[in-house]
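So the chains spell out like this:
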Number of protein chains: 2
Amino acid sequence: MSDENRHVVLRGRPDPAVRADLFETVDAEMPRIADGQMLIRVIWLSLEPAMRGWIADAPNYSQPVPIGAPMTGFTVGEVVESRHPRYPAGTIVQGRQGWRRFAVSDGSDIDRVVDPALAPISTALHVLGMNGATAYVGLVDVCRVKAGDTVAVTTAAGAVGSVVGQIAKALGARAVGVTGGPEKRRICLEEFGFDAAIDYKAAEDIGPGLDAATPDGIDCFFDNVGGAQFDAVLDRINVGARIAICGTIGMPSFPLPVGPRPNRQLLVKRARMEGFLILDHYDRFAEIVERLSGWYRDGHLKYREDVTVGLDTAPDALVALLAGRNTGKALVRVGDDP
Amino acid sequence: MSDENRHVVLRGRPDPAVRADLFETVDAEMPRIADGQMLIRVIWLSLEPAMRGWIADAPNYSQPVPIGAPMTGFTVGEVVESRHPRYPAGTIVQGRQGWRRFAVSDGSDIDRVVDPALAPISTALHVLGMNGATAYVGLVDVCRVKAGDTVAVTTAAGAVGSVVGQIAKALGARAVGVTGGPEKRRICLEEFGFDAAIDYKAAEDIGPGLDAATPDGIDCFFDNVGGAQFDAVLDRINVGARIAICGTIGMPSFPLPVGPRPNRQLLVKRARMEGFLILDHYDRFAEIVERLSGWYRDGHLKYREDVTVGLDTAPDALVALLAGRNTGKALVRVGDDP
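All figures in this text were calculated on a predicted structure; none of them were measured in a lab.

Visitor: Any chance you could explain the overall build of chain A here in plain terms?
Guide: Counting its secondary structure elements, chain A contains nine helices and 16 strands. Computed over its C-alpha atoms, the radius of gyration of chain A comes to 20 Å, within 12% of the 20 Å expected for a compact globule of 338 residues. The dimensions of chain A, computed from C-alpha atoms along their principal axes, are 60 × 45 × 35 Å. Taking contacts inside chain A between residues at least 6 apart in sequence as the whole, the part at least 24 apart equals 65%.

Pasting the structure below:
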């Protein structure tokens, strides 16, 4: 990994599949900093299922990444040169530097300073970062989980789902995961401590598996998927159930997906279904990471990383993530740890 | 209207249509009361869209009415004979005496005493009763309406929808109704004071009408219908929108209705969709009726009644209600006011 700068830029839009050739790695100038700026060497890049939405030209909660621009993304990096008063050289920061080796920042795209003594710095991109906070907001704030509840979560072995299950357990709830494949199921049970896990690839219908795993019904549902898995869980909710809609990775972008209407189930069960976006909760990030760090120190939060090495591996790694082929948080190592 | 007793009993289940011949009027014994009981002469019977669900043999929030039993229903009646300490003869009560001329009660199926000085006693069955409380809970508690919001409501000319619109106006929100036919639309605008009303029978798609009526989008949606009207409103919600699911009268019971999945809209708009049932809020009934009575006294709550006379008209009146042919709250006058 040299000191030359490189970017990975977006060249096309999903139609609807995300392919690696929608991206291109290009050489870039090594930027110079002005007063109030700093130069950041990107070390870790985080890949998100939501990136499919970020690059699609469809109504979404943010503007799509422009064609020709570097792909946006969450990063952990080291300040290697600074004329910014708050971030001296040597500071480790979690920010939004995107798919680049080096980036200039005026601080506006920095989310927070990372304490390398707390945990490996890459955890700022998952269990002690956005993924952990997403799990927290969805399960604690939206679902208002309480001891004794049964919690169902989809993509249970994933970066968010695995934290949902572990927070549920830490708070005295029963955790039931839905995941794809026997290995992910094993990881849910043996590494993340789920009470039950269902392999949706092992049966046409996960209903019987859910019935066996949730004898008392389902009180909280943290959904990352939509589609048939959503329907199966919805059929088993209790009166007063709370459903947090965190993602829709199992639903195609086009055409508009159709399925059973949930209105009557929500009515009969007096249940709530609510979408949320972690970006709306940035003001509480420090407080949430503090709570997650406590659980991490106490051994309640295990994690797995699925790392590819080199900035130019990001497009293929994103495709693999969207196909569900990763095991653990998908990260790209762009540079060495300090 | 004689002093003989009669019941209207259920003889069959919807398949899926509700037909008048699912019911039969039968003579019944004039009941005698024991200690702790009273004899109630039913004066008013309330018809509800939800009655389709009450008589269907499908999973619902209550047990279905048994075949052969008198149809259940909300009533206003007069205590004509009493050996009950709380309800002396002459008391007007709102209860659940069902489709009968006379009924014995031990008080357990009485909801509350009605003050005839406040308003016509029939209002205890709509604007100052269950319908008003339903509108209140859905709009105030579930949707958390606030001044400046735009509120959309379906079945806007109906017993619940018309109160939703009027509460919205009383609280400083913009009220937009969806209703069927030019006469109901006129009533919404001229009698109930909606800011805009859309006749869903006048166009294939209510979308353009909604666009014109909601230039600032939709913040609160009180839905009684489901289906295509629901979809059109969902397409126009704002970030942070709240949707109260009060009914699904526009959705067939069988087969399970399919439609566009709402998951992505709820996610992108960080919106909430929540079913509620007024029966869960009985403990707050007195407080809610108090607040509604205040609005009524101040002229904020207008209402319309659609009355048929005679207990045996109830089945046909219910079929007409379910077909949307009523204008105003559907009531059956079973006996004379005291």
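Past the structure itself, the notes keep going.
Visitor: Honestly, the sheet that holds strand β11 (residues 218-223) of chain B in this entry has me stumped. Any pointers?
Guide: Note: strands within a sheet are paired through backbone hydrogen bonds, in either parallel or antiparallel orientation. The 12 strands are arranged β10(A)-β9(A)-β8(A)-β11(A)-β12(A)-β14(A)-β14(B)-β12(B)-β11(B)-β8(B)-β9(B)-β10(B) in an open sheet whose pairing can be described as mixed. Edge positions in the open sheet fall to β10 (196-199) of chain A together with β10 (196-199) of chain B, since each of these has one partner strand only. Strand after strand, the sheet turns through a mean of 15° between neighbouring axes, direction not considered. Two strands pair when backbone bridges link them, and strand β8 (residues 150-154) of chain A and strand β11 (residues 218-223) of chain A are joined in this way by three bridges, in the parallel orientation. Residue pairing for β11(A): Val151(A) is matched across the bridge by Cys220(A). Along the sheet face, helix α4 (residues 182-190) of chain B touches β9 (174-179) and β10 of chain B and points at about 170° away from the line of β10(B).

Visitor: What's the story with the relation of the copies chain B and chain A in this structure? I'm lost.
Guide: Applying a rotation about an axis and a shift along it to one chain copy brings it onto the other copy. Expressed as a screw transformation, the operator carrying chain B onto chain A has a rotation angle of 180° and an axial translation of 0.0 Å, and the superposed copies differ by an RMSD of 0.0 Å. A rotation of that kind, with that shift, is consistent with a two-fold axis. When the interface residues of chain B are mapped onto chain A, 100% of them again lie at the interface, so the same face is used by both copies.

Visitor: What am I meant to see in the packing of helix α2 (residues 130-142) of chain B against helix α3 (residues 161-170) of chain B here?
Guide: Each packed pair of helices is defined by two parameters, the angle between the axes and the distance between the axes. Residue and element names in this part refer to chain B. Interhelical geometry of α2 versus α3 gives an angle of 50° and a closest axis separation of 8 Å. Here α2 lies oblique to α3, going by the angle between them. Relative to α3, α2 is oriented so that their crossing is right-handed. Contacts from Asn131, Gly132, Ala135, Tyr136, Gly138, Leu139 and Val140 of α2 reach α3 at Val163, Val164, Ile167 and Ala168. Looking at the contact of α2 with α3, its residues break down into eight nonpolar, three polar and no charged.

Visitor: I would appreciate a short explanation of the environment of Val160(A) in the present structure.
Guide: All names here are of chain A. By secondary structure assignment, the location of Val160 is in the loop between β8 and α3 (161-170). For Val160, a count of 30 C-beta atoms within 10 Å puts it in the buried group. A sequence separation of 84 residues divides Val160 from Val76, and the C-alpha atoms of the two residues are 18 Å apart. Each residue touching Val160, except ones within four places of it in the same chain, is listed here: Asn131, Thr134, Ala135, Thr155, Asn224 and Cys246.

Visitor: Please clarify how the nonpolar core should be interpreted in this entry.
Guide: Nonpolar side chains tend to gather and get buried jointly when the protein is soluble and globular. Leu139(A), Val151(A), Phe222(A), Leu139(B), Val151(B) and Phe222(B) are the most contacted members of the largest nonpolar core, which totals 219 residues. The contact partners of Phe222(A), leaving out residues within four places of it in the chain, are Gly138(A), Leu139(A), Cys143(A), Val151(A), Val153(A), Val164(A), Ala244(A) and Cys246(A).

Visitor: Help me understand the confidence of the model for chain A, please; the structure alone is not making it clear to me.
Guide: Do not read the fine detail of predicted coordinates wherever pLDDT is low. For chain A, mean pLDDT is 94; residues scoring 70 or higher make up 98% of the total. On the interface metric, ipTM, the complex scores 0.85, and its pTM is 0.85.

Visitor: Where do I start with unusual backbone geometry in this structure?
Guide: In terms of backbone geometry, most residues other than glycine have negative phi values and most peptide bonds are trans. Note that the residue after Asp15(A), namely Pro16(A), is joined by a cis bond; omega there is -10°. Locating Pro16(A) in the fold gives a position in the loop between β1 (5-10) and β2 (23-28). Residues other than glycine seldom take positive phi values, yet Arg144(B) does so here, at roughly 50°. Mapped onto the fold, Arg144(B) is located in the loop between α2 and β8 (150-154). Residues other than glycine seldom take positive phi values, yet Arg270(B) does so here, at roughly 45°. Following the sequence through the fold, Arg270(B) ends up in the loop between α7 (263-268) and β14 (272-275). Using a count of 19 C-beta atoms within 10 Å as the deciding quantity, one classes Arg270(B) as partly exposed.

Visitor: Before we go on, may I ask you to explain the domain arrangement of chain A in this structure?
Guide: The accessible area lost on association of the parts is a frequent measure of interface size. Residues and elements named next belong to chain A. When the domains of chain A are assigned, the result is domain 1 (5-126 + 304-333) and domain 2 (131-279). Summarising the inter-unit geometry, the C-alpha centres of domain 1 and domain 2 are found 28 Å apart. With 11 residues of domain 1 in contact, the opposing surface of domain 2 contributes 14 residues.

Visitor: Where do I start with the environment of Phe102(A) in this structure?
Guide: All names here are of chain A. Here Phe102 lies in strand β6 (residues 102-105). Taking C-alpha positions, Phe102 is 6.9 Å from Leu39, a pair spaced 63 residues apart along the chain. Once residues lying within four places of it in the same chain are set aside, the contact partners of Phe102 are Asn5, Met30, Pro31, Leu39, Ile40, Arg41 and Val42.

Visitor: What am I meant to see in helix α9 (residues 314-322) of chain A here?
Guide: Residue and element names in this part refer to chain A. Among the residues of α9, Ala314, Pro315, Ala317, Leu318 and Leu321 are the ones counted as buried. With its buried residues spanning 165° around the axis, α9 presents them on a single face. Looking one or two residues past α9, Gly324 carries a phi angle of roughly 75°, positive in sign.

Visitor: Can you help me understand the interface of chain B and chain A in this one?
Guide: Each partner contributes to the interface: chain B provides 29 residues, whereas chain A provides 29 residues. Element by element, the count of residues in the side of chain B that touches chain A is highest for α7(B), at five residues. Classifying every residue of the side of chain B that touches chain A gives 16 nonpolar, six polar and seven charged. By the bridge criterion, three bridges tie strand β13 (residues 258-260) of chain A to strand β13 (residues 258-260) of chain B in an arrangement that is antiparallel. In the strand pairing of β13(B), Gly259(A) is matched with Gly259(B).

Visitor: What's the story with helix α2 (residues 130-142) of chain A in this structure? I'm lost.
Guide: An α-helical turn contains 3.6 residues, so a residue and the one three or four places further along point in the same direction. Residues and elements named next belong to chain A. Most of α2 sits inside the fold, with 11 of its 13 residues counted as buried. Within α2, the full set of buried residues consists of Met130, Asn131, Gly132, Ala133, Thr134, Ala135, Tyr136, Val137, Gly138, Leu139 and Val142. Count one or two residues on from α2 and you reach Arg144, which has phi positive near 45°.

Visitor: I would appreciate a short explanation of the pairing of strand β3 (residues 38-46) of chain A in the present structure.
Guide: Regular strands place their side chains on alternate faces of the sheet. All names here are of chain A. The buried fraction of β3 amounts to nine of the nine residues, a majority that puts the element mostly inside the structure. Bridge count between β3 and strand β4 (residues 75-82): seven bridges; the pairing is antiparallel. Directly across from Arg41, in β4, lies its bridge partner Glu78. Here β3 runs beside β6; their pairing, made up of four bridges, is antiparallel. Bridge pairing in β6 links Met38 to Ser105. Here β3 runs beside strand β16 (residues 329-333); their pairing, made up of three bridges, is antiparallel. Bridge pairing links Leu45 to Val332 in β16.

Visitor: Mind showing me how you'd approach the environment of Leu39(A) here?
Guide: Residues and elements named next belong to chain A. With respect to the element layout, Leu39 can be found in strand β3. Measuring from C-alpha to C-alpha, the distance between Leu39 and Val142 comes to 38 Å, with 103 residues separating the pair along the chain. Once residues within four sequence positions are removed from consideration, Leu39 is found in contact with Pro31, Ile33, Val80, Glu81, Phe102 and Val104.

Parameters at a glance
Residues numbered from 1 in each chain as written. Chains lettered and ligands numbered in written order. Predicted model: local features only at pLDDT ≥ 70, side-chain atom pairs only at ≥ 80, totals over all residues. Helix = DSSP H or I, 4+ residues; strand = E, 2+ residues; numbered from the N terminus. Rg over C-alpha atoms; globule rule 2.2 N^0.38 Å. Contact = placed C-beta atoms within 7 Å. Pairing = 2+ DSSP bridges. Axes fitted to C-alpha atoms, helices over the stretch in contact; angles between N-to-C directions. Least-squares fit on C-alpha atoms with pLDDT ≥ 70 in both. Parallel < 35°, antiparallel > 145°, perpendicular 65-115°, else oblique. Left-handed = near helix turned anticlockwise from the far one by under 90°. Nonpolar A, V, L, I, M, F, W, Y, C, P; charged D, E, K, R; others polar. Buried ≥ 20, exposed ≤ 12 C-beta atoms within 10 Å, placed from the backbone. Core = buried A, V, L, I, M, F, W, Y, C linked by C-beta atoms within 7 Å. pLDDT = per-residue confidence, 0-100. Domains from an automatic or database assignment. Arc of directions from axis to C-beta.

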